[in-house]
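One letter stands for each residue in the lines below.
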Amino acid sequence: MNFSKWIGAGLGWSFGGPIGAIIGMVLGSIVDSLSGNGTPLLGDWQSDQKRRPTYRSEPQARPQTQPGDFEVSLLILASVVIKADGHQDQRELDYVRQQFVGMYGQDRANQAFKLFKGINQQHIPVREVCLQIQRMMDHPSRLQLLHFLFGIAKADGMVTDSEVKQIFTISGYLGISSRDYESIKAMFYNSSDNAYKILEITKDATNDEIKAAYRKMAKKYHPDRVIHLGEEHQKGAVDKFRQVQEAYEKLQKERRF
């Protein structure tokens, strides 16, 4: 598989701005090992980008997020979270690889992980990257990103305070509300009020309010909301949707309604 064709064909808005700068640096650093002299691969990628609309920093209508834009955003933010506690745990790196193998298959996952290792060596301007994503990516896709980041943090068996702080910061920059953040965070913790947090309600909610909250959250997290990202990203969406269902069923059982 031609690496530059793989990445070039999948990118839309993310080839510009700070994300595009990161990808350009990564391609520049690994191109020699892929092509021998660097010119063909980098040239293919650059020529492909000339046919695309340029990134603009001012607010604009969000285009539908393409799989390549989502994947690159995911890799960059995954790198930020993995390094949040000052070291990279092999279990977290393995989690990223396993997720990509499960989503894309072995060959494409290998290409993605090459890119990830290059990204991991770069300085990531977190705020600037997140603001680009916030401007250009639809809300359901941003929620999917957040879910994946908590999965990475939990991959080594625990979520450290530094990881939680970093994900919270990313969430804010992405324009995700505190209620949405707490809902997704609760999917990765065990506590007596997790079901309520997942449904974005409090323990004093009435049965009717619980039912209404379930309908609202089931709609928000329905896998069809991110169907434009491709089948490979449906598993994570299904996981979120399943946890909403389980939270509702738990409260149904506890309250017997």
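The rules behind each value
Every chain is numbered independently, its residues counted from 1 as its sequence is written. For this predicted model, a pLDDT threshold of at least 70 governs which residues receive local features, and a threshold of 80 or more governs which side-chain atom pairs are given and counted, while totals over whole chains, interfaces and linings are taken from all residues. Side-chain metrics rest on all non-hydrogen atoms present in the structure, leaving aside hydrogens and water. Counted as salt bridges are all cases of a side-chain nitrogen of Lys or Arg within 4 Å of a carboxyl oxygen of Asp or Glu. Helix numbers and strand numbers start at the N terminus; a helix is a DSSP run of H or I with at least 4 residues, a strand a run of E with at least 2. Under the convention used throughout, the expected extent of a helix is 1.5 Å for every residue step, that is, one less than its residue count. When accessible area is computed with a 1.4 Å probe and restricted to protein chains, residues below 20% of their type maximum are described as buried, those above 50% as exposed, and intermediate ones as partly exposed. Throughout, the arc means that of the directions going from the helix axis to the C-beta atoms. Residues count as neighbours in contact if any of their non-hydrogen atoms are within 4.5 Å of one another. Note on terminology: a nonpolar core comprises buried Ala, Val, Leu, Ile, Met, Phe, Trp, Tyr and Cys residues joined through side-chain atoms within 4.5 Å. Confidence per residue, as judged by the predictor, is encoded in pLDDT with a range of 0 to 100. Note on aromatic pairs: the rings of Phe, Tyr and Trp (six-membered ring only in Trp) are paired at centre separations within 6.5 Å, and the planes decide the class, stacked below 30 degrees, edge-to-face beyond 60, tilted for the rest. As a reminder, the over-ring test applies to NZ of lysine and CZ of arginine, requiring each to be within 6 Å of the ring centre and within 35 degrees of the ring normal. Axis definition: a line fitted to C-alpha atoms, over the contacting stretch in the case of helices. Angles run 0 to 180 degrees between N-to-C directions. Each crossing gets its hand from how the near helix is turned against the far one by less than a right angle, where anticlockwise is left-handed and clockwise is right-handed.

Caption draft 1: How the structure looks around the pattern of salt bridges. Using the criterion set out here, one finds six salt bridges in the structure. Its salt-bridge partner being Lys 235, residue Asp 239 comes within 3.4 Å of it at the nearest N-O pair. Taken together, the positions of Asp 239 and Lys 235, both in helix H13 (residues 234-255) and four residues apart, correspond to about one turn of that helix. Taken together, the salt bridges that share partners define one network made up of Lys 235, Asp 239, Arg 242 and Glu 246.

Caption draft 2: Representation of helix H5 (residues 90-104). Compared with the 21 Å implied by 1.5 Å per residue over 15 residues, the 21 Å span of H5 between its first and last C-alpha is a close match. Those residues of H5 that sit buried are Glu 92, Leu 93, Tyr 95, Val 96, Phe 100, Met 103 and Tyr 104. In a view along the axis of H5, the buried residues occupy a sector of 155°, so they form one face of it. The outward face of H5, more than 90 degrees from its buried face, is lined by the exposed residues Gln 98 and Gly 102. Residues of H5 that are buried sit in contact with helix H4 (67-82), helix H6 (106-119), helix H8 (139-154) and helix H9 (161-173).

Caption draft 3: Structural detail: unusual backbone geometry. Here Glu 200, not a glycine, exhibits a phi torsion of approximately 60°, which is positive. Mapped onto the elements of the fold, Glu 200 is located in the loop between helix H11 (194-198) and helix H12 (207-220). Owing to a relative accessible area of 8%, Glu 200 belongs among the buried residues under this scheme.

Caption draft 4: Geometry of the nonpolar core. Of all hydrophobic cores here, the largest spans 74 residues; its most connected members are Leu 77, Phe 100, Ile 119, Ile 133, Ile 170 and Leu 199. Broken down by element, this core gets its largest block of residues, 10 residues, from H4. Look past the residues within four positions of Ile 170 in its chain and what remains in contact with it is Leu 77, Val 80, Val 81, Val 126, Cys 130 and Leu 149.

Caption draft 5: Summary view of the side chain of Gln 144. Here Gln 144 is to be found in helix H8. Those residues in contact with Gln 144, other than ones at most four positions away along the chain, are Phe 70, Val 226, His 233, Gly 236, Ala 237 and Lys 240.

Caption draft 6: The arrangement of the confidence of the model for the protein in detail. Averaged over every residue, the pLDDT of the protein is 81; residues scoring 70 or more account for 82%. Confidence drops under pLDDT 50 across residues 37-54; counting only partners more than four residues distant or on other chains, this segment forms 36 contacts.

Caption draft 7: Spotlight on the packing of aromatic side chains. Enumeration over the complete set of coordinates arrives at six aromatic pairs. Taken together, the ring pairs connect Phe 150, Phe 168, Tyr 181 and Phe 188 into an aromatic cluster. A cation over an aromatic ring shows up here: Arg 97 above the ring of Phe 113, its NZ or CZ 4.1 Å from the ring centre. Of note, Lys 185 hangs over the ring of Tyr 189, and the distance from its end group to the ring centre comes to 5.6 Å.

Caption draft 8: Structural context of the environment of Thr 206. Structurally, the position occupied by Thr 206 is in the loop between H11 and H12. With 49 residues separating them in the primary sequence, Thr 206 and Arg 255 have C-alpha atoms 10.0 Å apart.

Caption draft 9: Structural context of the packing of H5 against H6. Axis separation between H5 and H6 bottoms out at 7 Å; the angle between their running directions is 140°. The interaxial crossing formed by H5 with H6 has right-handed handedness. Counting all contacts with H5, which are made through Leu 93, Val 96, Arg 97, Phe 100, Val 101 and Tyr 104, the residues of H6 involved are Gln 106, Arg 108, Ala 109, Asn 110, Ala 112, Phe 113 and Phe 116.

Caption draft 10: Just the environment of His 147, in detail. Within the element layout of this structure, His 147 appears in helix H8. Separated by 38 residues in the primary sequence, His 147 and Lys 185 place their C-alpha atoms 7.8 Å from one another. Residues within four places of His 147 in sequence aside, it is in contact with Ile 184, Met 187, Phe 188, Gly 236, Asp 239, Lys 240 and Gln 243.

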